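What the coordinates show
Here is what each chain is made of, one letter per residue.
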Amino acid sequence: MRKVTLEQIFTHPIAQKYLGRSGQAHAIAVAEYALAISEKKQVDSDLAVKAALLHDIGHYEWYRDGKWDYDLYRQNDIHAIKGAARAHKLLIRLGEDPQAAKAISLAVLLHTDSYLPEQNLKRDPLQQVVAEADTADEETGGAHHYKTISEQEALKRIRALDNNIVKRMISKVPTN
């Protein structure tokens, strides 16, 4: 049973602050990709979509002279490390199951290997889903972080994701 919904995560002030930095439209698109990929790979959709939504919550704004500097970001960024910690703290604060919070946070941590000296990660299935979903929405030069979405549209899509996850959970409940 789900303890925390995407809407609860998305509307929390901490999530709003940091998703605003990394791009709400990108976060939601990655969550939508994660839902589809998780179903194909038979991975827990609830965990996958939560991790996908939060995957960039650790982004820092790498600006130079008031403009986003993609090269500066690529040279110095550790957003996955910061994001894993932020995601875990937020999820626990919201009442998520501790084991689920850990799995989600590890998927946030391992959604990219850009911060590692040797880019050779071995991911579990949940972590692989989040990495694939992120890659599916990437655009050259980090442009995916600058797509825009209205708050109304964002919330509509979050609620649709929540509804789809509940439907999938219900369809998997055995009947006697």
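For the structure given in this document, a descriptive report is provided here. (Residues numbered from 1 in each chain as written. Predicted model: local features only at pLDDT ≥ 70, side-chain atom pairs only at ≥ 80, totals over all residues. Heavy atoms only, no water.)

Section: the side chain of R86
Relative to the helices and strands, R86 resides in helix α6 (residues 79-94). Within the structure, the side chain of R86 is placed 2.9 Å from the backbone oxygen of I57, a separation counted as a polar contact. Each residue touching R86, except ones within four places of it in the same chain, is listed here: Y18, R21, I57, G58 and H59. (Helix = DSSP H or I, 4+ residues; strand = E, 2+ residues; numbered from the N terminus. Polar contact = N/O pair within 3.5 Å; in protein donor to acceptor, adjacent residues only side chain to side chain. Contact = heavy atoms within 4.5 Å.)

Details of the pattern of salt bridges
What the rule picks out here adds up to 7 salt bridges. Among the salt bridges present, the one from R159 reaches E7, with a minimum N-O distance of 3.0 Å. Placement of the pair is R159 in helix α9 (residues 151-171) and E7 in helix α1 (residues 6-11), with a sequence separation of 152 residues. For R159, a relative accessible area of 39% puts it in the partly exposed group. A salt bridge links K50 to D46; the shortest N-O distance between them is 3.1 Å. Taken together, the positions of K50 and D46, both in helix α4 (residues 45-54) and 4 residues apart, correspond to about one turn of that helix. Of the two residues, K50 and D46, neither departs from the other in class, the shared state being buried. Each of the salt bridges in this network shares a partner with another, and the network as a whole consists of D46, K50 and E96. (Salt bridge = Lys/Arg side-chain N within 4 Å of Asp/Glu carboxyl O. Buried < 20%, exposed > 50% of the residue type's maximum accessible area, 1.4 Å probe, protein only.)

What about the side chain of D56?
Within the secondary structure, D56 sits in the loop between α4 and β1 (63-64). Note on D56: relative accessible area 4%, which makes it buried. Side chain to side chain, D56 and H26 meet in a polar contact 3.3 Å long. Among the polar contacts made by the side chain of D56, one reaches the side chain of H111 at a distance of 3.3 Å. In this structure D56 touches S22, H26, H79, H111 and H145, once residues within four positions along its chain are discounted.

So, unusual backbone geometry
Unlike most non-glycine residues, Q42 shows phi in positive territory, near 55°. Here Q42 lies in the loop between α3 (24-41) and α4.

Quick notes on the packing of α3 against α9
Between two packed helices, what matters for the description is the angle formed by their axes and the separation of those axes. Viewed as axis vectors pointing N to C, α3 and α9 meet at an angle of 15°, and their least axial separation amounts to 10 Å. In terms of orientation, α3 and α9 fall into the roughly parallel class. The chirality of how α3 crosses α9 is left-handed. In contact with Q24, I28, A29, A31, E32, L35 and E39 of α3, α9 contributes E151, A154, R157, I158, L161, N164, I165 and R168. (Axes fitted to C-alpha atoms, helices over the stretch in contact; angles between N-to-C directions. Parallel < 35°, antiparallel > 145°, perpendicular 65-115°, else oblique. Left-handed = near helix turned anticlockwise from the far one by under 90°.)

Observations regarding the packing of helix α2 (residues 13-22) against α6
It is at 11 Å that the axes of α2 and α6 come closest, and there the two elements cross at 155°. One finds that α2 runs roughly antiparallel with respect to α6. Here α2 runs over α6; the crossing is left-handed. Only R86, L90 and R93 of α6 make contact with α2, whose side of the interface consists of I14, A15, Y18 and R21. In terms of residue class, the contact of α2 with α6 is built from 4 nonpolar, no polar and 3 charged. (Nonpolar A, V, L, I, M, F, W, Y, C, P; charged D, E, K, R; others polar.)

Focus on α2
Within α2, the full set of buried residues consists of A15, Y18, L19 and S22. One face of α2 carries all of its buried residues, which in axial projection span an arc of 105°. Residues of α2 that are exposed and angled more than 90 degrees away from the buried face: P13 and G20. Its buried side turned inward, α2 meets α1, α3, α4 and α6. G23, located one to two residues past α2, shows a positive phi value of around 105°. (Arc of directions from axis to C-beta.)

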